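A closer look at the structure
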Amino acid sequence: MSVALKSLSEIASQTHARIQADFPAIDPIIGVNQGMRNNGYPADILTIDCLKTNKRIIILLHDDTPEMARYQFAFRNKDPDGDFKDIQLADITIQILYDWVSTYFTAAS
């Protein structure tokens, strides 16, 4: 596991604990997927899912841009579109993920 993915996973884990304490109905599921890398694409994905709303937050880490992450608010049952947004990897904090999860997963579809 890359240093960036490990760091992001730790942030997501800490965010998960805060979300569960403040929003027990959300109960997010965090996934780390290296399937793209295993298929020859130099990238890893971290997903945060909400089974109740079927919503998903996708964070893509690409080896070609190690200081950046790409993210998208999506749905578990739909393929993501190509409209990812960029964010500095260093800017992804527990508070940022907390805000994304609490806002997106509680918003009406």
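To start, this report covers the structure provided alongside it. Remember, predicted model here, so these are calculated numbers, not experimental data. (Residues numbered from 1 in each chain as written. Predicted model: local features only at pLDDT ≥ 70, side-chain atom pairs only at ≥ 80, totals over all residues. Heavy atoms only, no water.)

What about helix H1 (residues 3–22)?
Rules: Under the scheme used here, helices are H or I runs from DSSP no shorter than 4 residues and strands are E runs no shorter than 2 residues, and both carry numbers assigned from the N terminus. The span you would expect from a helix comes to 1.5 Å times its residue count less one. Relative accessibility decides the category of a residue: with a 1.4 Å probe and only protein chains considered, values under 20% of the type maximum give buried, values over 50% give exposed, and everything between is partly exposed. Directions are taken from the helix axis to each C-beta atom, and the arc is the one they span.
Taking 1.5 Å per residue as the helical rise, H1 with its 20 residues ought to reach 28 Å, and the 29 Å between its terminal C-alpha atoms agrees with that figure. Buried residues of H1: Leu5, Leu8, Ser9, Ile11, Ala12, Thr15 and Ile19, and no others. Buried positions in H1, seen along its axis, are confined to an arc of 165° and lie on one side of it. Facing away from the buried side of H1, by more than 90 degrees, are the exposed residues Val3 and Ala21.

As for the pairing of strand S2 (residues 43–50)
To be explicit about the condition: One bridge is not enough; two strands pair if DSSP finds at least two bridges between them.
Here S2 lies mainly inside the structure; eight of its eight residues are buried. Burial of S2 is two-sided: the residues Ala43, Ile45, Thr47 and Asp49 facing one way and the residues Asp44, Leu46, Ile48 and Cys50 facing the other way are all buried. Inspection of the sheet shows strand S1 (residues 29–33) paired to S2 by five bridges, in the antiparallel sense. Its bridge partner lying in S2, isoleucine 30 is registered against isoleucine 48. Pairing of S2 with strand S3 (residues 55–62) involves eight bridges; the strand directions are antiparallel. Bridging across to S3, threonine 47 finds its partner in isoleucine 58.

Quick look at the side chain of threonine 47
Worth spelling out the cut-off: Throughout, a residue-residue contact means that at least one pair of heavy atoms, one from each residue, lies within 4.5 Å.
In this fold, threonine 47 is placed in strand S2. Not counting residues up to four positions away in its chain, the partners in contact with threonine 47 are Ile29, Ile30, Gly31, Arg56, Ile57 and Ile58.

Let's talk about the sheet that holds strand S4 (residues 68–75)
To be explicit about the condition: Here, axes are lines fitted to C-alpha atoms. For helices the fit covers the stretch in contact, and angles between N-to-C directions go from 0 to 180 degrees.
If you walk across this open sheet you meet the five strands as S1-S2-S3-S4-S5, and the pairing is antiparallel. Edge positions in the open sheet fall to S1 and strand S5 (85–88), since each of these has one partner strand only. Strand-to-strand twist of the sheet, defined as the mean angle between neighbouring strand axes without regard to direction, takes the value 25°. Sitting on the sheet, H1 touches S1, S2 and S3, and the angle it makes with S1 is about 175°.

Section: the nonpolar core
Quick reminder of the rule: Each nonpolar core is a collection of buried residues, namely Ala, Val, Leu, Ile, Met, Phe, Trp, Tyr and Cys, held together in the definition by side-chain atoms within 4.5 Å.
Ile57, Ile59, Ile92, Leu97 and Phe105 are the most contacted members of the largest nonpolar core, which has 23 residues in total. Counting residues per element, the ones that place at least two in this core are H1, S2, S3, S4 and helix H3 (94–106). Among the elements that make up this core, the one with the highest residue count is H3 (six residues). Contacts of isoleucine 92, omitting those with residues within four sequence positions, involve Leu8, Ile11, Ile59, Ala69, Ile87 and Leu97. Judged by nonpolar contacts, the second largest core, of six residues, contains Ala43, Ile45, Ile58 and Leu60.

All quantities given are derived from atomic positions and should not be read as evidence of function.
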